[in-house]
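Results of the structural survey
Each chain, written out:
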Amino acid sequence: MSIATAGQPRHADELRLLAERAGHDLEDAPALDVLRWAAGTFGPRLCVTASMADAVVAHLAARARPGIDVVFLDTGYHFPETIGTRDAVAAVMDVNVISLTPRQSVAEQDAEYGPELHDRDPDLCCALRKVRPLAEGLAGYDAWATGLRRDESPSRADTPVVSWDERRGKVKIAPIARWTEEDVDAYVAEHGVLTNPLLQDGYTSVGCAPCTRRTLAGEDARAGRWAGLAKTECGLHG
Ligand code: SF4
């Protein structure tokens, strides 16, 4: 596949074709090869999104494209450990961390919608604090890479390695989709990758503090997110 011209957006039809071909060709490729293809194809119009539970995909992406943009959704509700992990990633890794913030602060949202919207209408809260900021933040990119893995939850079991994100008109890449938790742990150990301290404190998935609890024995990795509610995803990957 051809190399992208730096900074020039591609037409959606071309991106869709690229996604379909790569989805077929790269399904079984190693994660680093997937990211090298993406870096070579999209250049600066590729970014990585990171929840800052760990920096594995950011680390892989930096090997493929040093200085790559790493996008973090700073919802205003994160644990201090997550903000600390973001700051550490920005300080020590060869990446460009970009924090996206919602249009409203938590106080402004509380004033308009009432306090603790996350308890009363988490879908709206996620739409305001995650989905819209990401949609706006991805405007300057043709492709985005995420850390989605099939073993995290039933809702992620069919995650493709490369796919066409119709809603956003982008190529979506999940380079570690086929990895297990053990694969992640092995990569972290081998490369000394930064991880969120909460992973050593009973959490297996890290999101906003009001909507995340520790995982119990026998639960899947994302069971601590919106526990007690039917909600399993924030809307970023639906
Ligand atoms: Fe709001 Fe919870 Fe969604 Fe964070 S995870 S945006 S606090 S509903």
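Bear in mind the structure is a predicted one, so any value in this text is a computation, not a measurement. (Residues numbered from 1 in each chain as written. Predicted model: local features only at pLDDT ≥ 70, side-chain atom pairs only at ≥ 80, totals over all residues. Heavy atoms only, no water.)

In this section: the nonpolar core. Core analysis: the biggest nonpolar cluster contains 48 residues, and Phe42, Leu60, Val70, Val162, Val171 and Ile173 have the highest contact counts within it. Examining the composition of this core, we find that eight residues originate from one element, helix α2 (residues 31–42), more than from any other. Those residues within four positions of Val162 in sequence are excluded, and the remaining contacts are Ala19, Ala22, Gly23, Leu26, Val34, Trp37, Val171, Lys172 and Ile173. With twelve residues, the next largest nonpolar core counts Leu73, Val131, Leu134 and Trp144 among its residues. (Core = buried A, V, L, I, M, F, W, Y, C linked by side-chain atoms within 4.5 Å. Buried < 20%, exposed > 50% of the residue type's maximum accessible area, 1.4 Å probe, protein only. Helix = DSSP H or I, 4+ residues; strand = E, 2+ residues; numbered from the N terminus. Contact = heavy atoms within 4.5 Å.)

With that settled, the discussion passes to the site of the ligand. Taken together, ten residues surround the ligand, and among them Tyr77, Cys125, Cys126, Cys208 and Cys211 come closest. Of all the cavities here, the one that holds the ligand is the largest cavity. (Near = heavy atom within 4 Å. 1 Å grid on protein atoms, 1.4 Å probe; cavity = no way out; pocket = protein on both sides within 12 Å on 5 of 7 lines; lining within 4 Å. Sits in = over half its atoms within 2 Å of the grid points.)

Turning to the confidence of the model for the protein, a few remarks are in order. Per-residue confidence for the protein gives a mean pLDDT of 92; residues scoring 70 or more make up 94%. Across residues 1–5, where pLDDT falls below 50, the model places 16 contacts with residues more than four positions away in sequence or in other chains. (pLDDT = per-residue confidence, 0-100.)

Our focus in this paragraph is a negative patch on the surface. Taken together, the side chains of Glu181, Glu182, Asp183 and Asp185 define an acidic patch exposed on the protein surface. Tracing the backbone shows Glu181 in helix α8 (residues 181–191). Take Glu181: its relative accessible area is 36%, and that puts it in the partly exposed class. (Patch = residues over 30% accessible without salt bridge, like charges linked within 9 Å, V, L, I, M, F, W, Y side chains within 5 Å. Areas by Shrake-Rupley, 256 points an atom, 1.4 Å probe, with all protein chains shown as cover. Salt bridge = Lys/Arg side-chain N within 4 Å of Asp/Glu carboxyl O. Lys, Arg positive; Asp, Glu negative; His and termini not counted. Charge placed at Lys NZ, Arg CZ, Asp CG, Glu CD.)

The next subject is empty space enclosed by the protein. Under the defined criterion, the tally for this structure stands at one cavity of 30 Å³ or more. Considering only enclosed or pocket space, the largest cavity measures out at about 120 Å³ in volume. Ranked by the residues each element gives to the lining of the largest cavity, the list is headed by helix α7 (residues 122–137), at five residues. (Points joined across faces, edges and corners; volume = space filled by probe spheres on them.)

Another aspect to go through is the pairing of strand β2 (residues 68–73). Burial analysis of β2 places six of its six residues in the buried class, which makes it a mostly covered element. In β2, alternate side chains face the same way, and those of Ile68, Val70 and Phe72 on one face and Asp69, Val71 and Leu73 on the other are all buried. In terms of strand pairing, strand β1 (residues 46–49) meets β2 through three bridges, oriented parallel. The residue of β2 that forms the bridge with Val48 is Val70. Two strands pair when backbone bridges link them, and β2 and strand β3 (residues 95–100) are joined in this way by six bridges, in the parallel orientation. Residue Asp69 lies in a different strand from β3, and its bridge partner there is Asn96. Note that the unit made of β2, helix α4 (residues 80–92) and β3 has a crossover that is right-handed. (Pairing = 2+ DSSP bridges. Right-handed = clockwise from strand over helix to strand, strands pointing away.)

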